[in-house]
Amino acid sequence: MKKPLAPRVTRAILLTLFSALFVLYVAGPVAWLVSSSLQSEAEITRVPPNWLPQNPSIANFEAIFSAADRVVTYENRRQGEALTSSFLPSGAANLLPAMRNSLVIGLWVAALNLLLSVTAAYAIAVIDFRGRRATLYTVLATRVVPDIALVVPLFLVIRNLGLINSLGALVVTYLAITVPFTIFILISYFEGIPRDLYRAARIDGCGHGRALWHVYLPLSLPALVASLTFAFLTSWNEFVFALVLTQNVAAQTLPIIISGFIMDFTTSFSFVNAAGVIAIIPPVLMAVVFQRYIVSGLTAGAVKG
C-alpha cells in the first residue's frame, strides 16, 4: 500500500528548506568575502551594506601584487578614490612572502607526515609485536591533550633547539599535531585490507618494505590523499603556534600577516577581504580536486563488517 502523498511532499519541502539554509550558512560568509573584496572602501562600509558590488574592481588584488610603496590613506578610500597598483597598507608587502612560507611549510608537513605515519601505521596494523596495542593507545593519547596546553612546552623545546623564528620550528610543531591523527586514519584503512594479500606477498618473498610499497600503498590511495590534505590544511590554517614561535616577519605565515592588518590604526576591510580570498584559494582547490579521495579516505575503515 502506497503512503499518502502529502507527508512525502511535506518531507521533501522541509528537507529542501533545511538544505538551503545549511548551504546559506556555510557558503554565505565565503560569498560575502568574495563580494566585498571586489568593492571599494566606501561601498563596503555603507549602511545598509551592498551585498553585490555595484562597480566590481580587482584593484584590491592589484594592490596585493604591487611592489610599489605609496600608501593610499583610509580617508581617501572612504571618499571612493580608485585604488591604484601602488596601494599598500601597513604590512601588505609581507603578504606574498608569508603565503610562500605557508606553502613551503604545508608541503613539508604533508610529505613528512605521510612518510612517518605510513610506516608507523603499517607496523601497528600489520606486524604482530609485543606492546602493539599499547603503542597505538600511546599515540592516540598524545591527541587528548589540547593544543593550547602544548604551547609553552613546545616553545621551550623549540627555543632550546635554536629554531625560534624559523620555518623548521613550525614544521616540527605541526608534525607533532598531525602525525597521531594520520596514524589513526591509516591504521583503520590498513586493517580493512584483506590479510590474505599480505600473506600472499610474504609467501612470494616480499619483506615488510616491499609489502608496504606494492600491496598496502596502492590500495590505500584515498587514505593517503586524505592524510596529505589534512596535514596541509592544518599547517595552512594554524594560528596560535605560528604566532608564538615566529616573531620575525620573515618567518611568519599567512594567518599571522593577515591578522596584523586588523591591528592597524585604520583597517581597510576591502583589502583584508581580498587577502582572505587569496588565502582560501589553495585549500579550496585542494578540496575540490581531491574531494572523492578525501571522503572515501576518511570514511573507509570506520565501519567493519
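If you're wondering where the values come from, they're calculated on a predicted model, not measured in any experiment.

**A short note on the packing of aromatic side chains**
Part 1 of the reasoning: Summed over all chains, the structure comprises seven aromatic pairs.
Part 2 of the reasoning: Geometrically, the ring pair formed by phenylalanine 181 and phenylalanine 230 is tilted, given 4.6 Å between the ring centres and 50 degrees between the ring planes. One end of the pair, phenylalanine 181, is in helix α8 (residues 167-192); the other, phenylalanine 230, is in helix α11 (residues 221-237), with 49 residues separating them in the sequence.
Part 3 of the reasoning: Each ring, one from phenylalanine 232 and one from tryptophan 236, has its centre 5.6 Å from the other, and the planes form 25 degrees; the classification is stacked.

**Some details on helix α10 (residues 208-219)**
Part 1 of the reasoning: Between the first and last C-alpha of α10 there are 16 Å, a value that for 12 residues agrees with the 16 Å anticipated at 1.5 Å per step.
Part 2 of the reasoning: Buried residues of α10: Ala211, Leu212, Val215, Tyr216 and Leu217, and no others.
Part 3 of the reasoning: Those residues of α10 that are buried are in contact with α5 (95-126), α8, α9 (195-203) and α11.

**Some details on helix α14 (residues 269-289)**
Part 1 of the reasoning: The terminal C-alpha atoms of α14, which comprises 21 residues, lie 30 Å apart, in line with the 30 Å expected from a rise of 1.5 Å per residue.
Part 2 of the reasoning: Taken as a whole, α14 carries its principal kink of about 35 degrees at isoleucine 281; the proline proline 282 stands between one and four residues after it.

**So, the nonpolar core**
Part 1 of the reasoning: Membership of the largest hydrophobic core comes to 64 residues, with the highest contact counts inside it found for Leu95, Tyr122, Tyr174, Phe190, Tyr216 and Phe261.
Part 2 of the reasoning: Non-local contacts of tyrosine 216, meaning those with residues more than four positions away in its chain, are made with Tyr122, Val126, Phe190, Ile193, Tyr198 and Ala211.

**Description of the pattern of salt bridges**
It is possible for side chains of opposite charge to pair when their charged atoms get near one another.
Part 1 of the reasoning: Enumeration according to the criterion identifies four salt bridges in this entry.
Part 2 of the reasoning: Of the charged contacts, one joins aspartate 128 and arginine 132 as a salt bridge, the two residues approaching to 3.0 Å between their closest N and O atoms.
Part 3 of the reasoning: Relative accessible area serves as the criterion here: at 61%, aspartate 128 is assigned to the exposed category.
Part 4 of the reasoning: Here glutamate 191 and arginine 133 are joined by a salt bridge, their closest N and O atoms 3.6 Å apart. Linking glutamate 191 in helix α8 with arginine 133 in helix α6 (residues 132-141), this pair joins segments that are 58 residues apart in sequence.
Part 5 of the reasoning: What emerges from the salt-bridge pattern is a single network uniting Asp128, Arg132 and Arg195.

**Describing a nonpolar patch on the surface**
Part 1 of the reasoning: On the surface, a cluster of nonpolar side chains totalling about 520 Å² of accessible area is made up of Leu14, Leu17, Phe18, Leu21 and Leu24.
Part 2 of the reasoning: Among the structural elements, leucine 24 can be located in helix α1 (residues 5-37).
Part 3 of the reasoning: The class for leucine 24 is exposed, based on a relative accessible area of 57%.

**Considerations on unusual backbone geometry**
Negative phi is the rule for most residues except glycine; trans is the rule for most peptide bonds.
Part 1 of the reasoning: Backbone torsion omega between valine 47 and proline 48 reads -5 degrees, so that peptide bond is classified as cis.
Part 2 of the reasoning: Here proline 48 is to be found in the loop between α2 (41-44) and α3 (59-64).
Part 3 of the reasoning: One non-glycine residue, asparagine 165, lies in the positive phi region at around 65 degrees.
Part 4 of the reasoning: Here asparagine 165 is to be found in the loop between α7 (151-160) and α8.
Part 5 of the reasoning: Residue classification places asparagine 165 among the partly exposed residues on the basis of a relative accessible area of 30%.

**Observations regarding the side chain of glutamate 43**
Part 1 of the reasoning: Residue position: glutamate 43 is located in helix α2.
Part 2 of the reasoning: As a buried residue without a salt bridge, glutamate 43 has its nearest oppositely charged side chain in arginine 46, at a separation of 5.3 Å.
Part 3 of the reasoning: Excluding its chain neighbours within four sequence positions, the residues that come into contact with glutamate 43 are Asn50, Pro53, Gln54 and Asn55.

**Observations concerning the packing of α5 against helix α13 (residues 254-262)**
Packed helix pairs are characterised by how far apart their axes lie and by the angle those axes make with each other.
Part 1 of the reasoning: Orientation of α5 relative to α13, taken along the N-to-C sense of each, is 150 degrees, at an axis distance of 8 Å. Taken together, α5 and α13 sit at an angle that is classed as roughly antiparallel. For the pair α5 and α13, contact is made by Leu95, Ala98, Met99 and Ser102 and by Leu254, Pro255, Ile257, Ile258 and Phe261, respectively.
Part 2 of the reasoning: Residue composition of the contact of α5 with α13, by class: eight nonpolar, one polar and no charged.

**Some points on the confidence of the model for the protein**
Part 1 of the reasoning: Averaged over every residue, the pLDDT of the protein is 82; the share at 70 or more is 85%.
Part 2 of the reasoning: Predicted confidence for residues 76-87 stays below pLDDT 50, and this span has 31 contacts to residues more than four positions away or in other chains.

**Side note on the packing of α8 against α11**
Part 1 of the reasoning: At a closest axis distance of 10 Å, the pairing of α8 and α11 adopts a crossing angle of 160 degrees. The orientation of α8 with respect to α11, classified from their angle, is roughly antiparallel. As α8 runs across α11, the sense of the crossing is right-handed. In this structure, α8 contributes Tyr174, Ile177, Thr178, Phe181, Thr182, Ile185, Leu186 and Tyr189 to the contact, and α11 contributes Pro222, Ala223, Leu224, Ser227, Phe230, Ala231, Thr234 and Ser235.

Cut-offs and rules
- Residues numbered from 1 in each chain as written.
- Predicted model: local features only at pLDDT ≥ 70, side-chain atom pairs only at ≥ 80, totals over all residues.
- Heavy atoms only, no water.
- Phe/Tyr/Trp six-rings, centres within 6.5 Å; stacked < 30°, edge-to-face > 60°.
- Helix = DSSP H or I, 4+ residues; strand = E, 2+ residues; numbered from the N terminus.
- Expected span 1.5 Å × (residues − 1).
- Buried < 20%, exposed > 50% of the residue type's maximum accessible area, 1.4 Å probe, protein only.
- Contact = heavy atoms within 4.5 Å.
- Bend = angle between axes of the 7 residues up to and from the residue.
- Core = buried A, V, L, I, M, F, W, Y, C linked by side-chain atoms within 4.5 Å.
- Salt bridge = Lys/Arg side-chain N within 4 Å of Asp/Glu carboxyl O.
- Patch = residues over 30% accessible without salt bridge, like charges linked within 9 Å, V, L, I, M, F, W, Y side chains within 5 Å.
- Areas by Shrake-Rupley, 256 points an atom, 1.4 Å probe, with all protein chains shown as cover.
- Lys, Arg positive; Asp, Glu negative; His and termini not counted.
- Axes fitted to C-alpha atoms, helices over the stretch in contact; angles between N-to-C directions.
- Parallel < 35°, antiparallel > 145°, perpendicular 65-115°, else oblique.
- Nonpolar A, V, L, I, M, F, W, Y, C, P; charged D, E, K, R; others polar.
- pLDDT = per-residue confidence, 0-100.
- Left-handed = near helix turned anticlockwise from the far one by under 90°.

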